[in-house]
Amino acid sequence: MAITPPSNLLWWREPVARTELVWIIIAFAWGLVMFFMMIYWHGAGEQNLSNEAYRISAERFTEKTNEMIESHEVRKEGNFPVVRPPPGSDVYLIARLWHWWPILELEKGQSYRLHLSSLDWQHGFSLQPTNINVQVHPGYELVMTVEPDRAGEYAVVCNEFCGIGHHLMVGKIYVTE
Amino acid sequence: MAEAFRTCPTTGLKVHLPAENLIKANAVAAVVFLAIGGFFGLLVALTRWPAVHLLPADWFYLALTAHGLDVLLVWIIFFEMAVLYFASAVLLNCRLATPRVAWAGFVLMLAGAIIVNVAVLQGQSTVMFTSYVPMKAAPHFYLGMLLFAVGALLGCFVFFGTLVVAREERTYRGSIPLVTFGALTAAIIAVFTIASGAIILIPTFLWSLGIIQHIDTMVYKTVWWAMGHSSQQINVAAHVAVWYAIAAMVLGAKPISEKVSRLAFLFYILFLQLASAHHMLVEPGVSSEWKIFNTSYAMYLAVLGSMIHGMTVPGSIEAAQRRRGLTNGIFEWLRKAPWGNPAFSGMFMSLVMFGFIGGISGVVMGTEQINLIMHNTLYVPGHFHGTVVAGTTLAFMAITYLVIPLIFRRELVMPRVAKWQPYVFGLGVAGISLFMMGAGTLGVARRHWDITFAGAMLPYDYPGAAFLMMGLNGLSAVLATIGGIMYVVVVVGSVFFGRRVEGPVELGPPAPRGVAGGSDLPAAEVVGQYGSAGTLKIPGTVALVGVFFVCFVLYYFVNWKYLSEIWPLR
Ligand code: HEM
Ligand SMILES: [Cu+2]
Ligand SMILES: [Cu+2]
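Per-chain numbering applies: the sequence of each chain, read as written, is numbered from 1 onward. Note on labels: chains are lettered from A, ligands numbered from 1, in written order. Since the coordinates come from a predicted model, pLDDT governs what is reported: local features require at least 70, and pairs of side-chain atoms require 80 or more to be given and counted, while whole-chain, interface and lining totals use all residues. Excluded from the side-chain calculations are hydrogens and water; all other atoms, namely the structure's heavy atoms, are used.

A.B. asks: What is the right way to look at the packing of aromatic side chains in this model?
C.D. replies: Centre-to-centre distance and the angle between the planes together describe a pair of aromatic rings. All names here are of chain B. Working definition: a ring pair exists when centres of Phe, Tyr or Trp rings (six-membered ring for Trp) sit within 6.5 Å. Plane angles under 30 degrees give stacked, over 60 give edge-to-face, the rest tilted. Taken as a whole and judged by the stated rule, the model has 46 aromatic pairs over all chains. Each ring, one from Phe 39 and one from Phe 40, has its centre 6.0 Å from the other, and the planes form 50 degrees; the classification is tilted. Residue classification places Phe 39 among the partly exposed residues on the basis of a relative accessible area of 48%. The exposure class of Phe 40 is buried, given its relative accessible area of 10%. Cation placement over rings: the criterion is NZ of Lys or CZ of Arg within 6 Å of the ring centroid and within 35° of the ring normal. In this arrangement the basic side chain of Lys 136 is found over the ring face of Trp 207, its NZ or CZ atom lying 4.6 Å from the centre. One cation-aromatic arrangement involves Lys 221 over Tyr 132; the distance from NZ or CZ to the ring centre is 4.5 Å. Each residue's exposure class comes from its accessible area (1.4 Å probe, protein chains only) as a fraction of the maximum for that residue type: buried when under 20%, exposed when over 50%, partly exposed otherwise.

A.B. asks: What is the right way to read the coordination of the copper ion (ligand 3) from this model?
C.D. replies: Metal coordination angles in their ideal form are 109.5 degrees for the four-donor tetrahedron and 90 or 180 degrees for the six-donor octahedron. Residues and elements named next belong to chain A. Metal sites are built from N, O and S donor atoms within 2.8 Å, or 3.2 Å for Na, K and Ca, and they leave out water, so they may look incomplete. Surrounding the copper ion (ligand 3) are the protein donor atoms Cys 158 (SG), Glu 160 (O), Cys 162 (SG) and His 166 (ND1), which sit 2.0 to 2.3 Å from the metal. Any site counts as irregular unless it has four donors with all angles between 85 and 135 degrees, making it tetrahedral, or four or six donors with opposite ones more than 155 degrees apart and the rest between 65 and 115, making it square planar or octahedral. The coordination sphere of the copper ion (ligand 3) comprises 4 donor atoms, whose angles at the metal cover 91 to 123 degrees; the geometry is tetrahedral. Along the chain, the residues donating to the copper ion (ligand 3) fall in the pattern C-x1-E-x1-C-x3-H. A separation of 2.6 Å is found between the copper ion (ligand 3) and the copper ion (ligand 2), which are bridged by Cys 158. Each member of the pair, Glu 160 together with Cys 162, is buried.

A.B. asks: I tried to follow the nonpolar core on my own but got confused; where do I start?
C.D. replies: Nonpolar side chains in soluble globular proteins tend to end up buried together. If you look at the biggest cluster of nonpolar residues, it comprises 243 residues, and the most contacted ones within it are A:Phe125, B:Phe141 and B:Tyr487. Either an automatic procedure or a domain database provided the assignment from which the domain bounds are taken. If you count residues domain by domain, this core takes at least three from each of domain 1 (16-44) and domain 2 (51-176) of chain A. By definition, residues are in contact when any of their heavy atoms lie within 4.5 Å. For A:Phe125, the contacting residues outside a window of four places in its chain are A:Leu93, A:Trp100, A:Leu114, A:Leu116, A:Ile132, A:Asn133, A:Val134, A:Val136, A:Met144, A:Val156, A:Val157 and A:Asn159. Here, nonpolar core refers to any group of buried Ala, Val, Leu, Ile, Met, Phe, Trp, Tyr and Cys residues whose side-chain atoms link them within 4.5 Å.

A.B. asks: Honestly, unusual backbone geometry in this entry has me stumped. Any pointers?
C.D. replies: If a residue is not glycine, its phi is most likely negative; likewise, a peptide bond is most likely trans. Residue and element names in this part refer to chain A. Cis geometry is found at the peptide bond from Leu 97 to Trp 98, where omega equals -10 degrees. The helix count covers DSSP runs of H or I at least four residues long, the strand count covers runs of E at least two residues long, and both are numbered beginning at the N terminus. When you line up the elements, Trp 98 lands in the loop between strand 4 (90-96) and strand 5 (99-101). With an omega dihedral of 0 degrees, the bond running from Gln 128 to Pro 129 counts as a cis peptide bond. With respect to the helices and strands, Pro 129 occurs in the loop between strand 8 (123-128) and strand 9 (132-136).

A.B. asks: Can you walk me through the interface of chain B and chain A in this structure?
C.D. replies: For interface size, the figure often reported is the accessible area lost on association. Taken together, the contacts link 111 residues of chain B with 87 residues of chain A. Once two parts are brought into contact, the accessible area they lose, counted with a 1.4 Å probe and summed over both, makes up the buried area. Note on chain B versus chain A: buried area summed over both sides is about 8900 Å², and carbon and sulfur give 68% of it. Contact with chain A buries area across many residues of chain B, yet B:Leu458, B:Trp567 and B:Arg570 alone supply 11% of it, more than any other trio. Counted as salt bridges are all cases of a side-chain nitrogen of Lys or Arg within 4 Å of a carboxyl oxygen of Asp or Glu. Taken together, the links from chain B to chain A amount to 2 salt bridges. With its nearest N and O atoms 3.3 Å apart, the salt bridge here joins A:Arg55 to B:Asp216. Residues adjacent in sequence count toward polar contacts only when both atoms are side-chain atoms; beyond that, a polar contact is any pair of N or O atoms within 3.5 Å, and within protein one must be able to donate a hydrogen and the other to accept it. Across the contact surface, chain B and chain A share 40 residue pairs in polar contact (both at pLDDT 80 or more). The set of elements that each furnish at least two residues to the side of chain B that touches chain A consists of helix 2 (57-90), helix 5 (178-208), helix 6 (217-251), helix 7 (258-270), helix 8 (288-295), helix 9 (297-323), helix 13 (415-441) and helix 15 (539-564) of chain B. With 11 residues, helix 15 of chain B is the largest single contributor of residues to the side of chain B that touches chain A. Looking at the side of chain B that touches chain A, its residues break down into 69 nonpolar, 26 polar and 16 charged. The classification used treats Ala, Val, Leu, Ile, Met, Phe, Trp, Tyr, Cys and Pro as nonpolar, Asp, Glu, Lys and Arg as charged, and all other residues, Gly among them, as polar.

A.B. asks: Sorry if this is basic, but what is going on with the coordination of the copper ion (ligand 2) here?
C.D. replies: Residue and element names in this part refer to chain A. For the copper ion (ligand 2), every protein donor is listed as His 123 (ND1), Cys 158 (SG), Cys 162 (SG) and Met 169 (SD), and the spread of their distances is 1.9 to 2.5 Å. The site at the copper ion (ligand 2) holds 4 donor atoms, and with the angles between them running 95 to 129 degrees, its shape is tetrahedral. Between consecutive donor residues of the copper ion (ligand 2), the sequence gaps follow H-x34-C-x3-C-x6-M.

A.B. asks: Looking at this structure, how should I read the domain arrangement of chain A?
C.D. replies: In terms of domain boundaries, chain A breaks down into domain 1 (16-44) and domain 2 (51-176). One C-alpha centre belongs to domain 1 of chain A, the other to domain 2 of chain A, and the line joining them spans 39 Å.

A.B. asks: Looking at this structure, I do not really get the site of ligand 1. What am I missing?
C.D. replies: All names here are of chain B. It suffices for a single heavy atom of a residue to lie within 4 Å of a molecule or strand for the residue to be listed as near it. In the vicinity of ligand 1, 24 residues are found, and the nearest of them are Arg 48, His 67, His 385, Arg 446 and Arg 447. A distance of 2.8 Å separates an oxygen atom of ligand 1 from a polar side-chain atom of Arg 48. Between ligand 1 and His 67 there is a distance of 2.7 Å, counted from a nitrogen atom to a side-chain nitrogen or oxygen. Counting residues per element, the ones that place at least two in the shell around ligand 1 are helix 1 (17-48), helix 2, helix 12 (379-408), helix 13 and helix 14 (464-497). A breakdown of the residues in the shell around ligand 1 according to their chemical character gives 16 nonpolar, 5 polar and 3 charged.

A.B. asks: I keep staring at the pattern of salt bridges and nothing clicks. Help me out?
C.D. replies: Close approach of charged atoms allows side chains with opposite charge to pair. Residue and element names in this part refer to chain A. Tallied over the full model, the rule gives 24 salt bridges over all chains. Arg 60 is paired through a salt bridge with Glu 63; the nearest N and O atoms lie 2.8 Å apart. With Arg 60 and Glu 63 both in helix 2 (residues 58-72), this residue pair falls 3 residues apart, about one helical turn. Here the residues in one salt-bridge network are Arg 75, Glu 77, Arg 84, Glu 105, Glu 107, Glu 153 and Lys 172, joined through shared partners.

A.B. asks: Can you walk me through the sheet that holds strand 7 (residues 112-118) of chain A in this structure?
C.D. replies: By definition, the strands of a sheet pair up through backbone hydrogen bonds, in either a parallel or an antiparallel sense. All names here are of chain A. Strand pairing is assigned whenever DSSP identifies at least 2 bridges connecting the two strands. In spatial order, the strands read 1-10-7-4-5; together these 5 strands make up an open sheet with mixed pairing. At either margin of the open sheet sits one strand with a lone partner, and together these are strand 1 (53-55) and strand 5. Going across the sheet, the axis of each strand differs from the next one's by a mean of 25 degrees, ignoring polarity. The pairing of strand 7 with strand 10 (residues 140-146) spans 5 bridges and is antiparallel. What sits directly across from Tyr 112, in strand 10, is Val 146. Between the N-to-C directions of two axes lies an angle of 0 to 180 degrees, each axis being a line fitted to C-alpha atoms and, for a helix, fitted only over the stretch in contact.

A.B. asks: Please clarify how the state of the cysteines should be interpreted in this entry.
C.D. replies: As used in these notes, a disulfide is a covalent bond between sulfur atoms, one from each of two cysteines. Residue and element names in this part refer to chain B. Disulfides are defined as cysteine sulfur pairs within 2.5 Å. All chains considered together, the criterion is met by 0 disulfides over all chains. You can see Cys 156 has no disulfide; the closest cysteine sulfur is in Cys 94, sitting 17 Å from it. Residue Cys 156 is classed as buried on the basis of its relative accessible area of 1%.

As structure tokens, this is what we get:
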């Protein structure tokens, strides 16, 4: 029994039952499938998170964001500048307690290099309703190329707990035709 | 010396009284913290139920921090200490090495747990159990965690010491039992876990005191999860050992093959790898090669370990039942299993739900790219309520129903309540797991007070289905809480007011006539010679495993499909 020492002192010499052996082989093969699936998706899939990231200070990231806002602001919504950067360009989004800055307006079917960083604590970039979730760290700038494929209004929900205002931290991204 | 032992009338094992007292103390502490943590869990779930929205925001985040700490850390690890002492001193017929050190460990753990709870309740440490920097808790929050960890480490050393003593004093013949081997796996992983915890929590403690200026967020997270994830591997090793133990005690089940089951445990140690990896899949600047290698634990070999246990545990039960004459069709052994015995029913539900809910979702979510659609959504707590609640907690609850008569030597009070408890709790937990996973698939964030975003400067509405999921989650939470209360009531009632057990106890159905076996420990030898190749026919298990595999494969590819529907990313 499992709570007594093995009755067969030489238990490691016992042959393995066929049923078990077959299952081990199937499970192992399935592991290989799942392993290669990740590699395959890097080639064939369209959704892979970029590995491009840099160390950056909060000041420097704010500067770069402000430059973008100055050149491409199209209007204001409340306090938030709405920025419409040209397709293919570098786009910056600041996470800080407790908002995403600024509002972005992107064009459907175009790609943008989206830079994400936090000025204070960690935040979670959760783009809804498409459901893309990426962690945002202070001191690190993540650069990923995104290609919005449907027009509409998207929300950036913060999904990393960031203190008492966490549930108020919502940003916006417009995607136009 | 002699009076330090008693002989167990049920198993004939010599029980070292200091070991027995330590098992009792750790189990009681565990249950107390489960009750506290479970209470916070209910408050959290009721707050996340949009129609109820019970707590104000600050209390919600505080309660969530306390819930995570009290159940994940304190309840589980105290209970694991009891499992370690049981699997070493009791199963090996041996004295516990240095009970004094074990008591010191217990006191440290208790002090640590109390300090952490006080810190959280004081309100300056609402940082969640992960306490990601640069969010800062009060210094005694980290100090409490460290004390708790040191106490657990002492417990592990006492366990190792007991194995050495047993070997030197020749208290058993041959190799250690499989259950002890599983516990050994857990203890080895625990040492690695606690070392990682110390590496990250000591600097963080110093940082909270102002002695260290800066802690890098990525470094923190990587090392923190080397602790945080490995500790989940401890839980798996421990609850799998508990599955084997219950199957053996209730049905006299013998592992189909000692070799295979032990190898599967060994996989847990060997392929633990940098288990932090799957918590780092959407962090900035982590290379894909590192992620793929580590999430697949070098080709999913740790998962393979669990998949092996997933067959050998039910397989050994089926083999034992068939030996008892339940051979009709492919499922008579299962239909006529002791479903009224909470130790068995809890164990079997733990096995099924751990595999189907926790296991499958974990592997899917830990796939490099698929993590993009799940990270930090409610899918994550959905998944781990499938592993650590439906799996570990339910398994620990189940074995409690054997520990009470054998170690506390009390009869269960309210046996009818005990009989229904695993079902009520199991159903509730299945609900919270699945509905949180459902809400997560719809994008709902975890650790979030208000999914209506009332008061936010910019609005957003989650789909209506998400609100439905959160309501169903709340209902399931109430059910799980009732199951939890039933457990606590039966345990506390039995320990304090249960009738004393004098003679041997009946742990499972008696061995059928004509089949060799002890009447004391049911069917002790019934399947004594089971397990050699060729004699084994377990068609029912093969069918169950087949269903599991099909679900796994389908669900895995469905999620790739979901992934392919989000914005293209490079
Ligand atoms: C009555 C039973 C329980 C209920 C109703 C319950 C419910 C919940 C809910 C609703 C959440 C919040 C999810 C979120 O907002 O992010 C949560 C989080 C959590 N639960 Fe439970 N739970 C229960 C038992 C347990 C047990 C027994 C464990 C561990 C063994 C556990 C471990 C956790 C952990 C680790 C978290 C995450 C905390 C965090 O995000 O910091 N729960 N639970
Ligand atoms: Cu935030
Ligand atoms: Cu947040």
